[in-house]
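Chain residues, written in single-letter form:
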Amino acid sequence: MLGTTPTHKYCAEVANELETRWQSNWAQDNLNTIGNPGDDGFDTSKPKFYCLDMFPYPSGAGLHVGHPVGYIGSDIISRFKRMQGFNVLHPMGWDAFGLPAEQYAIETGVHPATTTRTAIDTFRGQLQRIGFSYDWSREFATIDPEYYKWTQWIWLKAYGSWFDPSTKQASPINTLIDGLNTGEITADDCDWQLMTASEKTTYVNDHRLAYLGEQVVNWCPKLGTVLANEEVIDGLSERGGFPVLRRPLRQWMFRITAFADRLLEDLDGLDWPHSTLRMQAEWIGRSEGADIDFNLQNHEPIRVYTTRPDTLFGVTFIVLAPEHPLVDELFASPPENCNSEALAAYVTEAKNRADVDRMADSKEKSGVFSGLFATNPATGKQIPIWIADYVLMGYGHGAIMAVPAHDQRDHDFAKAHDIEIIEVVKPDKKTDDCFSGNGTAVNSSSDQVSIDGLRTKEAKQKIIDWLEENSIGITKVNFRLRDWLFSRQRYWGEPFPIVFDSEGNHYPIGEASLPVVLPDLDDYTPAESEDPTPLLGRATAWLHTTAGEAGVDPSILSPDTLVTREANTMPGWAGSCWYEIRYCSPNCTERFVDKASEQYWMGNGTDLYIGGAEHAVLHLLYARFWHKMLFDLGEVSCNEPFQKLFHQGLLTSFAFQRANKSLVPSNKVEEQNDKFIETETGEEVERVIAKMSKSLKNVVNPDDVIAEYGADTLRLYEMYMGPLEASAPWNTRDIVGVYRFLQRVWRLCIDENSGDMHASLQDAQDDLVERALHATIAKVTDDIPNLSYNTAIASMIEFVNTATSSSKLTANQLDRFVRLLAPFAPHIAQEIYTKIGNNGYITVASWPTFDSALLVEDELELPVQIMGKVRGRVTVPADASDEIVKKAALEDSNISALLENLTIRKVIIVPNKIINIVAN
RNA sequence: GGGCCUGUGGCGGAAUUGGCAGACGCAGGGGACUUAAAAUCCCCCGAGGAUAAUACCUCAUGAGGGUUCGAGUCCCUCCGGGCCCACCA
């Protein structure tokens with residue numbers, strides 16, 4: 001070996017050795033375990049910080065480098081807050097029920113629990129190797145019976161509640177029953193006192209927050225499951241291309257629509273990304289308008305919802321959704337000029353197409369005339385009623401008043417079917433398009449009512465007033481949000497804690513009998529059938545039981561009654577709807593959460609929630625809904641679960657594209673003189689940014705990066721790529737930058753030849769280094785709460801460069817510096833912290849402070865501009881008055897020379913920044 | 001079709017929120033050390049012009065206009081890129 005090679009350099013071996021050593025020390029000493037109120041030594045007077053990551057779905061493939069981006073981000077601020085004296089709750093767990101595990105089970109015959117547990121172990125191992133400060137003692141998975149027991153319990157809470165419109169709150173179902181019995185609450189559209197017992201039961205059931213409802217679903221017989229709309233393309237399943245049927249199905253729903261108002265209004269107080277707030281608001285989709293009844297002969301009036309009642313005079317036809325109840329009446333007694341065969345064919349076809357497919361890209365609007373006419377209440381004219389699939393049964397009343405002059409869809413339809421178009425809104429500016437904005441009402445007069453000349457806003461109000469006076473219509477607020485379909489025919493999910501008697505009445509299972517444990521199956525292959533059949537239907541021994549066996553309260557149902565369990569399971573979202581609460585006391589057996597712990601950690605919700613923007617709507621909306629429900633019922637102490645939300649950016653990767661835009665796998669491309677060449681063909685290819693994917697061969701495994709550089713380098717690199725919220729491409733070439741930085745940090749402390757600490761660390765301090773250190777402390781302290789990690793790291797690099805070239809650094813300064821570094825690169829920081837003589841863990845060391853007096857220089861060099869262009873610079877004392885600064889600027893030789901032939905109009909002095917002389 | 005975000009060197013990105021554009025890192029070039037290489041350290045590194053050289057000048061933050069003493073940052077128009085929603089009446 002050559003003598004010049006440093007043998008104690010910071011390299012992959014050194015990094016891996018010290019990282020695994022400290023990780024095992026931390027684990028042994030339970031360094032990251034945090035107590036709860038009431039525990040020995042737990043100080044509730046300290047401020048708390050609950051920092052939550054969106055927990056992962058543990059897939060068999062393990063982590064790739066994109067997963068930890070958010071986790072590193074949350075770990076840094078958690079460690080920082082802890083050093084600042086906060087009690088920090090920073091937990092991790094597993095969202096482990098779901099389809100991929102079940103699909104894998106179908107292929108392999110291995111029980112999903114087995115594969116999922118293996119995947120969890122892999123994920124946990126990979127995360128632990130990165131050195132996160134998670135409190136692993138709080139870890140749980142949604143598939144743990146001790147956890148899903150409480151998921152079922154919460155569902156029962158919803159089942160046992162209703163939404164009281166008078167208080168706008170969830171309330172126990174007994175308050176409804178009592179209110180109806182005493183007459184304090186009046187039943188909708190019926191007389192409670194005259195109802196039979198079974199009618200009463202039905203009425204109450206229809207008001208539960210978790211209720212059985214009829215929904216049209218996409219049923220794929222071949223896959224043996226229902227599919228989401230997104231999974232159906234052209235009537236075929238996205239996976240496999242099998243036929244998908246539309247089937248009405250009675251299944252468990254959540255009455256989330258009752259909370260639509262609050263889910264919308266409460267977005268206001270949240271510190272969330274603007275775009276996500278917007279997406280939630282749009283998803284909820286509140287709109288204001290009117291319900292209007294259109295009369296027709298021999299049938300009930302048709303009720304439509306419109307946001308533009310002011311266009312009533314322009315209504316030249318009515319369109320019904322193919323599922324509209326009136327359509328069935330047409331089949332029973334077809335009107336004279338109705339082609340009932342064509343109608344039947346059209347309706348049958350439309351019913352079997354999912355909503356998604358109905359919005360075909362083609363502008364062509366299909367439809368069939370019903371043979372019926374309705375009366376336009378404003379004009380008294382007879383207008384035709386059409387059936388068309390561009391009207392959806394699920395929104396409004398499944399019927400629309402069509403205004404072809406001012407709605408693009410109605411316009412297209414009228415053009416295609418030759419229907420009259422009447423302009424009733426005059427735009428302010430001429431436009432060629434179908435005008436749907438606000439303007440002035442025209443052609444809107446009859447002997448009934450006139451709104452001609454009114455602006456859209458006033459026209460709406462006047463027409464609504466008229467409609468209400470004449471009982472034709474009523475003002476109405478509508479939401480796009482629908483009730484939440486909560487049943488799945490799959491195996492790998494939480495069973496519902498409910499049973500049915502032979503009549504189909506349902507009975508809840510008592511709390512004492514929870515959890516209803518998911519039974520084992522021998523075969524996960526989906527059942528092929530015309531009608532949806534849940535997989536759990538095969539667990540016959542489990543399915544058929546008695547009320548007593550299942551745990552139904554004997555006062556509701558006699559224990560020996562034969563009952564059938566609910567065979568559907570809950571969807572993948574269920575477990576993630578309340579996991580943030582469970583982390584407060586994951587081992588609590590008496591309750592879903594220990595009350596005092598929940599109050600302490602979540603009195604104002606979680607303090608920071610980090611996760612991907614792909615959950616902007618569904619997960620976050622569902623979790624907010626559950627939280628509000630639990631809040632109303634007095635089970636949790638705040639109204640919103642997530643105070644501050646942050647979306648980390650997507651980690652992308654480079655991909656390579658041929659001239660014809662086809663992609664080339666990364667391992668088939670070579671770089672030659674700044675050009676990228678496809679190895680096989682020798683053709684030049686273009687480098688583009690793409691998602692990491694197996695097919696592009698651009699997936700990077702964090703284990704490989706750690707083996708080559710260590711976890712601290714991985715952590716730093718991922719945070720140094722750019723702003724945490726921005727997408728950035730992984731570029732292996734860039735990793736060495738932060739790696740070299742850590743090597744320089746190491747060298748500040750360690751003599752690479754001897755492996756000993758530098759003797760010079762005892763020398764007198766350099767004022768310049770001390771000032772630089774204070775500036776760095778200030779910058780990092782400021783950046784971390786904003787999650788501006790990339791600039792924090794840059795400032796630490798600057799400091800190390802300063803300290804390196806100064807070669808005067810005291811142990812005390814290094815001590816303060818590594819404490820700054822600790823949240824980012826905890827292992828090397830700990831190692832140096834120990835080497836320079838500290839006992840104990842840097843994780844619990846105090847955060848360094850800075851003296852703002854040391855941040856300002858005594859003298860400042862200020863640029864001097866003439867007419868906004870820098871023409872010179874002057875050095876003045878930092879505390880110089882404007883007068884002195886002005887004098888110095890005007891006397892500067894460069895400046896005075898340039899000003900010779902000019903008249904000074906004005907001198908602008910921005911203190912400590914710049915001087916600008918206006919002269920001409 | 002609608003909404004949101006975004007556009008700065010060869011690349012990833014800075015810019016105290018209207019005040020010296022390009023911090024920091026990568027890549028590249030040059031030098032020191034070395035027999036040599038690696039490692040390390042030092043210097044250069046937006047484009048163009050000018051000069052023996054330094055000083056210096058001009059242009060430049062997707063394009064065009066505007067507001068301002070001063071614009072990457074604010075306003076208007078246009079053009080690219082990304083994400084989300086989408087026959088929701």
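Residues numbered from 1 in each chain as written. Chains lettered and ligands numbered in written order. Predicted model: local features only at pLDDT ≥ 70, side-chain atom pairs only at ≥ 80, totals over all residues. Heavy atoms only, no water.

**Brief notes about the overall build of chain A**
Here's step 1: Tallying secondary structure elements over chain A gives 28 helices and 35 strands in all.
Here's step 2: Its C-alpha atoms give chain A principal-axis dimensions of roughly 100 × 85 × 70 Å.
Here's step 3: Among the 920 residues that make up chain A, the fraction classed as buried is 52%.
Here's step 4: Excluding contacts between residues fewer than 6 apart, the proportion of contacts in chain A whose partners are at least 24 apart in sequence is 70%.
Here's step 5: For chain A, the distance from the average position of its 82 positive side-chain charges to the average position of its 129 negative side-chain charges is 5 Å. (Helix = DSSP H or I, 4+ residues; strand = E, 2+ residues; numbered from the N terminus. Buried < 20%, exposed > 50% of the residue type's maximum accessible area, 1.4 Å probe, protein only. Contact = heavy atoms within 4.5 Å. Lys, Arg positive; Asp, Glu negative; His and termini not counted. Charge placed at Lys NZ, Arg CZ, Asp CG, Glu CD.)

**Describing the packing of helix α21 (residues 711–720) against helix α22 (residues 735–749)**
Here's step 1: The contact between α21 and α22 brings their axes to 9 Å, and the two run at 125°. Here α21 lies oblique to α22, going by the angle between them. As α21 runs across α22, the sense of the crossing is right-handed. For the pair formed by α21 and α22, the contact residues are D712, T713, L716, Y717 and Y720 on the first element and I735, V738, Y739, F741 and L742 on the second.
Here's step 2: Among the residues making up the contact of α21 with α22, the classes are represented as eight nonpolar, one polar and one charged. (Axes fitted to C-alpha atoms, helices over the stretch in contact; angles between N-to-C directions. Parallel < 35°, antiparallel > 145°, perpendicular 65-115°, else oblique. Left-handed = near helix turned anticlockwise from the far one by under 90°. Nonpolar A, V, L, I, M, F, W, Y, C, P; charged D, E, K, R; others polar.)

**Re the packing of aromatic side chains**
Here's step 1: Evaluated as defined, the whole model comprises 54 aromatic pairs.
Here's step 2: Measuring from centroid to centroid gives 5.6 Å for W150 and W153, while their planes differ by 75°, and the two rings are edge-to-face. A residue pair is termed a helical-turn pair when its members lie 3 or 4 positions apart in one helix, as W150 and W153 do in helix α5 (residues 145–159) at three residues. Both residues of the pair, W150 and W153, count as buried.
Here's step 3: Measuring from ring centre to ring centre gives 6.2 Å for Y491 and W492, while their planes differ by 20°; the resulting arrangement is stacked.
Here's step 4: Over the ring of Y159 we find R208; its NZ or CZ atom is 4.1 Å from the centre of that ring. (Phe/Tyr/Trp six-rings, centres within 6.5 Å; stacked < 30°, edge-to-face > 60°. Lys NZ or Arg CZ within 6 Å of the ring centre and 35° of its normal.)

**Some thoughts on the layout of surface pockets**
Here's step 1: Estimated volume of the second largest pocket: approximately 910 Å³.
Here's step 2: Along the walls of the second largest pocket sit 36 residues, with Y159, N205, R208, H506 and P508 positioned nearest its centre.
Here's step 3: Among the secondary structure elements, those contributing two or more residues to the lining of the second largest pocket are α5, α6 (173–182), α7 (197–205), β5 (210–220), β9 (245–254) and β21 (506–508).
Here's step 4: In terms of residue count, α7 provides more of the lining of the second largest pocket than any other element does, seven residues in total.
Here's step 5: When its residues are assigned to classes, the lining of the second largest pocket shows 18 nonpolar, 11 polar and seven charged. (1 Å grid on protein atoms, 1.4 Å probe; cavity = no way out; pocket = protein on both sides within 12 Å on 5 of 7 lines; lining within 4 Å. Points joined across faces, edges and corners; volume = space filled by probe spheres on them.)

**Some details on the confidence of the model for chain A**
Here's step 1: When pLDDT is averaged along chain A, the result is 89; 96% of the residues meet or exceed 70.
Here's step 2: Interface scoring of the predicted complex returns ipTM 0.95; its pTM is 0.93. (pLDDT = per-residue confidence, 0-100.)

**Quick word on the sheet that holds strand β33 (residues 869–877)**
Here's step 1: Strand order in this open sheet of four strands is β33-β32-β35-β34, and the pairing throughout is mixed. In this open sheet, the two edge strands, each paired with only one partner strand, are β33 and β34 (904–910). On average, adjacent strands in this sheet sit at an angle of 20° to one another, irrespective of strand direction.
Here's step 2: Judged from the eight bridges that link them, strand β32 (residues 859–866) and β33 form a sheet pairing that is antiparallel. Each residue of the ladder has a partner; that of E859, found in β33, is P877.
Here's step 3: Contacting β32, β33, β34 and β35 (914–919), helix α27 (residues 882–891) crosses the sheet at an angle of about 125° to β34. (Pairing = 2+ DSSP bridges.)

**Description of the pattern of salt bridges**
Here's step 1: For the coordinates displayed, the defined rule picks out 33 salt bridges.
Here's step 2: We note a salt bridge from R138 to D135, for which the minimum N-O separation is 3.0 Å.
Here's step 3: For E640, the salt bridge is made with R624, and the minimal N-O distance between the two is 2.8 Å. Placement of E640 in the loop between α19 (618–632) and β25 (645–647) and of R624 in helix α19 is noted, with a sequence separation of 16 residues between them. Each member of the pair, E640 as well as R624, is classed as buried. (Salt bridge = Lys/Arg side-chain N within 4 Å of Asp/Glu carboxyl O.)

**Comments concerning the side chain of Q813**
Here's step 1: Within the secondary structure, Q813 sits in helix α25 (residues 811–821).
Here's step 2: A distance of 2.7 Å separates polar atoms of two side chains, one belonging to Q813 and the other to E770.
Here's step 3: Discounting chain neighbours no more than four positions away, the residues touching Q813 are Q765, D766, V769, E770, L773 and K808. (Polar contact = N/O pair within 3.5 Å; in protein donor to acceptor, adjacent residues only side chain to side chain.)

**Some thoughts on the nonpolar core**
Here's step 1: Core analysis: the biggest nonpolar cluster contains 181 residues, and W155, F254, F592, W730, F741, F817 and F824 have the highest contact counts within it.
Here's step 2: The residues touching F741, leaving out its near neighbours within four places in the chain, are L716, M796, I797, V800, F817 and L821.
Here's step 3: Counting residues in hydrophobic clusters, the runner-up holds 52 residues, among them L296, I302, A399 and F435. (Core = buried A, V, L, I, M, F, W, Y, C linked by side-chain atoms within 4.5 Å.)

**Points about unusual backbone geometry**
Here's step 1: Cis rather than trans, the peptide bond between L514 and P515 has omega equal to -5°.
Here's step 2: The residue P515 is located in the loop between β21 and α15 (540–543) in this model.
Here's step 3: For D418, which is not a glycine, the phi torsion comes out positive at approximately 60°.
Here's step 4: Although it is not a glycine, L787 sits at a positive phi angle of roughly 55°.
Here's step 5: Following the sequence through the fold, L787 ends up in the loop between α23 (767–783) and α24 (789–806).
Here's step 6: For L787, a relative accessible area of 3% corresponds to the buried category.

**Let's talk about the pairing of β34**
Here's step 1: Strand direction decides the pairing type here: β34 and β35, joined by six bridges, are antiparallel. Within the sheet, the bridge partner assigned to V907 lies in β35 and is I917.
Here's step 2: Counting the residues in the hairpin turn of β34 and β35 gives three residues, including N912, whose phi is positive at 60°.

**As for the pairing of β9**
Here's step 1: Across the 10 residues that make up β9, a large majority, seven, are buried.
Here's step 2: As paired elements, β5 and β9 share 10 bridges and run antiparallel to each other. Bridge pairing links Q215 to L249 in β9.
Here's step 3: Inspection of the sheet shows β9 paired to strand β19 (residues 484–485) by two bridges, in the antiparallel sense. The residue of β19 that forms the bridge with M253 is L485.

**Side note on the sheet that holds β9**
Sheets are built from strands paired through backbone hydrogen bonds, the pairs being either parallel or antiparallel.
Here's step 1: Read from one edge to the other, the open sheet built from four strands follows the order β6-β5-β9-β19, with strand pairing classed as antiparallel. Single-partner strands in this sheet number two, and they are β6 (225–227) and β19.
Here's step 2: Here three bridges tie β5 to β6, and the two strands are oriented antiparallel to one another. Paired with N218 across the bridge in β6 is L227.

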